[in-house]
Amino acid sequence: MELYFFLFFAVVAVASSVAMILQRNPIYCVLLLIMVMISIAGLYLMLDAQFVAIIQVVVYAGAIMVLFLFVIMLLNLSREEGGAFRIQKPLAVLLTVLLFLPVAAMVMSYAGGGTTPSADGGQTGFGEVEQIGSLLFTKYLLPVEIAAVLLLIAIVGAVVLTRKGTVSVDD
Amino acid sequence: MTDTFSYVWLIPLLPLLGAFINVFCNRNPRVSGMIACAAVAVSFLLVLAVFFQLIGLPAGERSVDVVVYSWITAGTFAVDVAFLIDPLSTVMMLVVTGVGLLIHVYSIGYMGKDTCCVRYFSYLNLFMFAMLILVMGNNFLLMFVGWEGVGLCSYLLIGFWCERQSAANAGMKAFVVNRIGDFAFILGLLLIFLYAGSLTYADVFATDPAVLAPVITAITLLLFIGAMGKSAQVPLHVWLPDAMEGPTPVSALIHAATMVTAGVYMVARCHALFVQSATAMTVVAVIGAVTAIFAAYIALTQYDIKRVLAYSTVSQLGYMFLACGVGYFTAGIFHLVTHAFFKALLFMGAGSVIHALEHALEDGRDPQDLRNMGGLGGLMPVTYKSMLLATLAIAGIAPFAGFFSKDLILLGAFVNAPVLWVVGLATAVMTAFYMFRLLFMTFGGKTRLNAQEREKVHESSRVMVIPLVLLAILSTVGGFIGIPHVLADGMDRFGGFLAPVFSGLPEAPVPSSSVELTLMVLTLLLAGAGIWGAYAVYIRGNAVLDRLVPSALYTLSLRKFYVDEIYEALIVGPLRKIAWGFWRIVDTAIIDGGLTLAALTVRGLGNVIRYTQTGVVQNYALIMVIGALAVFAYLTGYLGP
Amino acid sequence: MIPVTYYLILSAALFLVGATGVLVRRNAIIVLMSIELMLNGANLSFVAFARQFGMADGHIYVFLVITVAAAEVAIGLALVILLFRNRGTVNIDEVRSLRW
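How each quantity is defined
- Residues numbered from 1 in each chain as written.
- Chains lettered and ligands numbered in written order.
- Predicted model: local features only at pLDDT ≥ 70, side-chain atom pairs only at ≥ 80, totals over all residues.
- Heavy atoms only, no water.
- Helix = DSSP H or I, 4+ residues; strand = E, 2+ residues; numbered from the N terminus.
- Buried < 20%, exposed > 50% of the residue type's maximum accessible area, 1.4 Å probe, protein only.
- Contact = heavy atoms within 4.5 Å.
- Salt bridge = Lys/Arg side-chain N within 4 Å of Asp/Glu carboxyl O.
- Phe/Tyr/Trp six-rings, centres within 6.5 Å; stacked < 30°, edge-to-face > 60°.
- Buried area = accessible area lost by both parts, 1.4 Å probe.
- Polar contact = N/O pair within 3.5 Å; in protein donor to acceptor, adjacent residues only side chain to side chain.
- Nonpolar A, V, L, I, M, F, W, Y, C, P; charged D, E, K, R; others polar.
- pLDDT = per-residue confidence, 0-100.
- Disulfide = S-S within 2.5 Å.
- Domains from an automatic or database assignment.
- Axes fitted to C-alpha atoms, helices over the stretch in contact; angles between N-to-C directions.
- Parallel < 35°, antiparallel > 145°, perpendicular 65-115°, else oblique.
- Core = buried A, V, L, I, M, F, W, Y, C linked by side-chain atoms within 4.5 Å.
- 1 Å grid on protein atoms, 1.4 Å probe; cavity = no way out; pocket = protein on both sides within 12 Å on 5 of 7 lines; lining within 4 Å.
- Points joined across faces, edges and corners; volume = space filled by probe spheres on them.

J.: Summarise the overall build of chain B; cite the residues concerned and give the values.
T.: Scanning chain B for helices and strands turns up 27 helices and two strands. Reported as C-alpha extents along the three principal axes, the dimensions of chain B are approximately 115 × 65 × 50 Å. Counting every position in chain B, which comprises 641 residues, the buried fraction comes to 55%. Partitioning the contacts of chain B with sequence separation of at least 6, the portion at a separation of at least 24 is 80%.

Here you go:
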């Protein structure tokens, strides 16, 4: 049963992502990416990562992708034209497929590659908000603070960059 | 009594200090001369103190090594910076600092107006330092340092007026010719170290003759070639006449009184080695005699006042080597001392004349040419009188300084090598002739200046005249330090003073008193004949000269035996062609060409490869993927281990 | 029980699909989205390993990665807007002044 769930989510994620990079309409791309995000959230749940699954849906699918949508609609983008470098596309596909082979070979030969222990075998409360929260505010306090500062910088940066008249590139 | 020997290191150091101050701390031309003179003056006083302490010692103990510090220690090779204080080095130190001091003072007057006189005085002080190191060192290596140092200073001072092409060339010529001698000298040092195992004089001279026997001739001949270069002996004499391009006080100090006599000093210092090789002694004597007559013959016809003196110097140095070669080292050193007095005086007198004429002559006539002088005796009385005394001294007229030393040399030659004695006598006649020719053409006869020019000629300033007078006194009475036994028994103080140094020599055969006296009279008569000849030709205007001028012998003398031309054709010319070939083919074509080729290759490759910089981000990303692929391939073992 | 290798291979596949998107798409916004996809692929590995070793630290890393992704998207989209404003295009192969 679990395997079917896994296969379902995996197939949806891969298929949506492939469709995303083939899709010419940016809006559809965003929607397909949201599909990928949600299937990954499902996989997170199967891995007993409830908190991560929730923020995957809320922050990623909800906030970040909506930002993409806003920008696409703001710029009113049409479908993109063919590129100048004809050879780039087939070469890129070939290379990434080639790259997949050694990675897959390494993963398959991974010595610790047994089955994942079940949630029962692990501690109770694994991946729940309480555990994550205590880790975030004890062991990972400093990284969290730094991430907060990073977000602040991003906000200021975005505001400064998009303000009219401050940054102009002479062409 | 304080021990002055422990302060002996100050003697060379003070001039060095003077040079340093002039180079780094002083910009004022007026002060520079004072600093230089003060440094040398203090050195001279120290030398006097050392001298008086030395004669206070018993004769047998008059040889002191003063070790300052250990200079080089490498395995069995150990050399100290150490000074040897013995009668020989003390005599040299007295000459160097004494005559040097007078010339320094003279230089203030002669060079004071030159814009570069700070540079001049620092070179001069540096020279004093190197020369003192040369004569004071107690080992061959220290002597070599001084030897090279004086060579360098000589080069710098000959080319002092380096904006003049001829001066720069003359400096280069002196340096290159000296290099031949120095090369032989250092080879000699290597041989000495190889066989004697030390470079300290005391050790080397004490080495068993049997050990040195296989190479003693080679060692002494190599050392002598070094001396030939430094002391301008035939065939390495060519640089000295050209060295007259330097300022006249430099000619007096370096190219007459001190540096050129370094070769004589070295041969005398190494007499213990030279006497072991009969061949080397013969070579020294023959080269000396040949140089003496050769240079004297050239000096007969030269018209440049300084060149006459230069050839005269070469000739007198030949005398000194002749003395050394026949085993009369004391006579060689004696002549070195008296020669330093009268030749420095002659040069300074000539400088005084040139200095006066420089300002007086119109229409660019050469102030050094004898044909532009004449009748100056009344205008420059002190210069004239002091030069007259010096000329009498060099001509060997009793009782002036040159008489005693030259007589001793001729006596030695007569006893040991009568052929060379004849050569020496002939040289003595020529010396008297050309020196009085110079004197008559400069000061005697009718003037060749016009009235306006005569107005401007006047005696030199006091600072230049006083050294002239002092040296004139020395030239007159300097010979009395070594009166031979036949004239006054027990008055040969100079020979007595130096005797401990040359005590190991085999006893020379002593001619009877009557023979010695006959020789003296003969020498005097011949010198008188030379003077009379000069008087007849240049004052009375005897026509014999006009008949001689077209002859080959005259031309040969005037053209200096074509030595420069022969060297140019045989050595310098071919060398220049080879150098040109190296420049054009090896340097320009191969080395520069290779560099240009490398640069062009890089630029060509860059021109091709720069197109990989497309400016498109995705191309760069693709390259990164290829890199990642390579990394994974490596990790999984498809590439390499 | 799903072996962890399955998750890892899925993670690699998503990552490489994202990389392909970065390489072939010309629209700067789609390129940014492809980068998000690559980040998600990496996140999946973190969570799978966290589960295998029973350590929640992996979850924290995912949390931090999402934070960084949010910041990156904010700046990236701001740059896209700026690009569009100045060049009238979001095609990244038309922005190539920085070349030979």
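Alright, that's what it looks like, and here's the rest.
J.: Give a description of the pattern of salt bridges that names residues and reports values.
T.: Across all of its chains, the model carries 11 salt bridges over all chains by this definition. Salt-bridge contacts for Asp57(C) lead to Lys139(A); the nearest nitrogen and oxygen are separated by 2.7 Å. A residue pair is termed interchain when its members come from two chains, as with Asp57(C) in helix H3 (residues 57-87) and Lys139(A) in the loop between helix H5 (129-137) and helix H6 (141-162).

J.: Requested: an account of the packing of aromatic side chains, with residues and values cited.
T.: Residues and elements named next belong to chain B. Following the criterion strictly, the structure yields 36 aromatic pairs over all chains and no others. Measuring from centroid to centroid gives 6.0 Å for phenylalanine 440 and tyrosine 535, while their planes differ by 70°, and the two rings are edge-to-face. One end of the pair, phenylalanine 440, is in helix H19 (residues 418-443); the other, tyrosine 535, is in helix H23 (residues 513-538), and 95 residues separate them in sequence. Relative accessible area serves as the criterion here: at 15%, phenylalanine 440 is assigned to the buried category. Classification of tyrosine 535 by relative accessible area gives partly exposed; the value is 36%.

J.: Tell me about the interface of chain B and chain A, and name the residues and values.
T.: Taken together, the contacts link 11 residues of chain B with 10 residues of chain A. Roughly 1000 Å² is buried in total at the junction of chain B and chain A, and carbon and sulfur atoms are behind 86% of that figure. Among the residues chain B hides against chain A, the three largest losses belong to Leu622(B), Leu629(B) and Phe632(B). Together they make up 47% of the total. Where chain B meets chain A, there are zero salt bridges. At the surface where chain B touches chain A, the tally comes to zero residue pairs in polar contact (both at pLDDT 80 or more). Class assignment of the residues belonging to the side of chain B that touches chain A gives a composition of eight nonpolar, three polar and no charged.

J.: Please give an account of the interface of chain C and chain A that cites residues and values.
T.: The accessible area lost on association of the parts is a frequent measure of interface size. Counting residues at the interface gives 75 residues for chain C and 90 residues for chain A. Interface area, chain C with chain A, both sides summed: about 7500 Å², of which 75% is carbon and sulfur. Viewed at the interface, chain A and chain C are joined by two salt bridges. For the interface between chain C and chain A, the tally reads 11 residue pairs in polar contact (both at pLDDT 80 or more). For the side of chain C that touches chain A, the elements supplying multiple residues, two or more each, are helix H1 (4-24), helix H2 (28-53) and H3 of chain C. When residues in the side of chain C that touches chain A are grouped by element, the largest group, 26 residues, is from H3(C). Taken together, the residues that form the side of chain C that touches chain A break down as 52 nonpolar, 13 polar and 10 charged.

J.: Which residues make up the confidence of the model for chain B, and what values go with them?
T.: Mean pLDDT over chain B works out to 89, with 99% of the residues at or above the 70 mark. On the interface metric, ipTM, the complex scores 0.91, and its pTM is 0.71.

J.: Explain the environment of Met38(C) residue by residue, including any values.
T.: All names here are of chain C. By the element assignment, methionine 38 lies in helix H2. Judged by its relative accessible area of 18%, methionine 38 falls in the buried class. The spacing of methionine 38 and arginine 87 is 49 residues in sequence and 28 Å in space, taken between C-alpha atoms. With near-sequence residues (within four places) excluded, methionine 38 lies in contact with Phe15, Gly18, Ala19 and Val22.

J.: Before we move on, could you go through the state of the cysteines and cite the residues and values that matter?
T.: All names here are of chain B. Counted under the stated rule, the structure contains zero disulfides over all chains. Between cysteine 37, a cysteine without a disulfide, and cysteine 117, which holds the nearest cysteine sulfur, the sulfur-to-sulfur distance is 11 Å. Cysteine 162 provides the cysteine sulfur closest to cysteine 153, a residue in no disulfide bond, and the two sulfurs are 15 Å apart.

J.: Before we move on, could you go through the domain arrangement of chain A and cite the residues and values that matter?
T.: Considered domain by domain, chain A is made up of domain 1 (1-80) and domain 2 (128-163). With centres defined by C-alpha atoms, the gap from domain 1 of chain A to domain 2 of chain A works out at 23 Å.

J.: Go over the packing of helix H9 (residues 216-230) of chain B against helix H12 (residues 262-269) of chain B with me, naming the residues and quoting the values.
T.: For any two helices packed against each other, one specifies the crossing angle of their axes together with the interaxial distance. Residues and elements named next belong to chain B. Relative orientation of the contacting elements H9 and H12 amounts to 155°, with a least axis distance of 7 Å. Overall, the two elements H9 and H12 adopt an arrangement that is roughly antiparallel. Mapping the contact onto sequence places Leu223, Phe224, Ala227 and Lys230 in H9 and Ala262, Gly263, Met266 and Val267 in H12. Its residues assigned to classes, the contact of H9 with H12 comprises six nonpolar, one polar and one charged.

J.: Which residues make up the nonpolar core, and what are the values?
T.: Membership of the largest hydrophobic core comes to 190 residues, with the highest contact counts inside it found for Leu223(B) and Leu273(B). Per-element tally for this core: the top contributor is helix H16 (residues 329-360) of chain B, with 19 residues. Dropping the residues within four chain positions of it, Leu273(B) is found in contact with Phe140(B), Ile192(B), Val204(B), Phe205(B), Leu212(B), Ile216(B), Ile219(B), Thr220(B) and Leu223(B). Judged by nonpolar contacts, the second largest core, of 70 residues, contains Tyr44(A), Leu75(A), Val4(C) and Leu14(C).

J.: Explain empty space enclosed by the protein to me, using residue names and the numbers behind them.
T.: Residue and element names in this part refer to chain B. Inspection of the entire model under this criterion finds two cavities of 30 Å³ or more. In this structure, the second largest cavity occupies an estimated 50 Å³ of space. Lining the second largest cavity are His237, Val238, Pro241, Asp242, Arg307, Tyr311, Lys560, Val563 and Asp564. Tallied by class, the residues present in the lining of the second largest cavity amount to four nonpolar, one polar and four charged.

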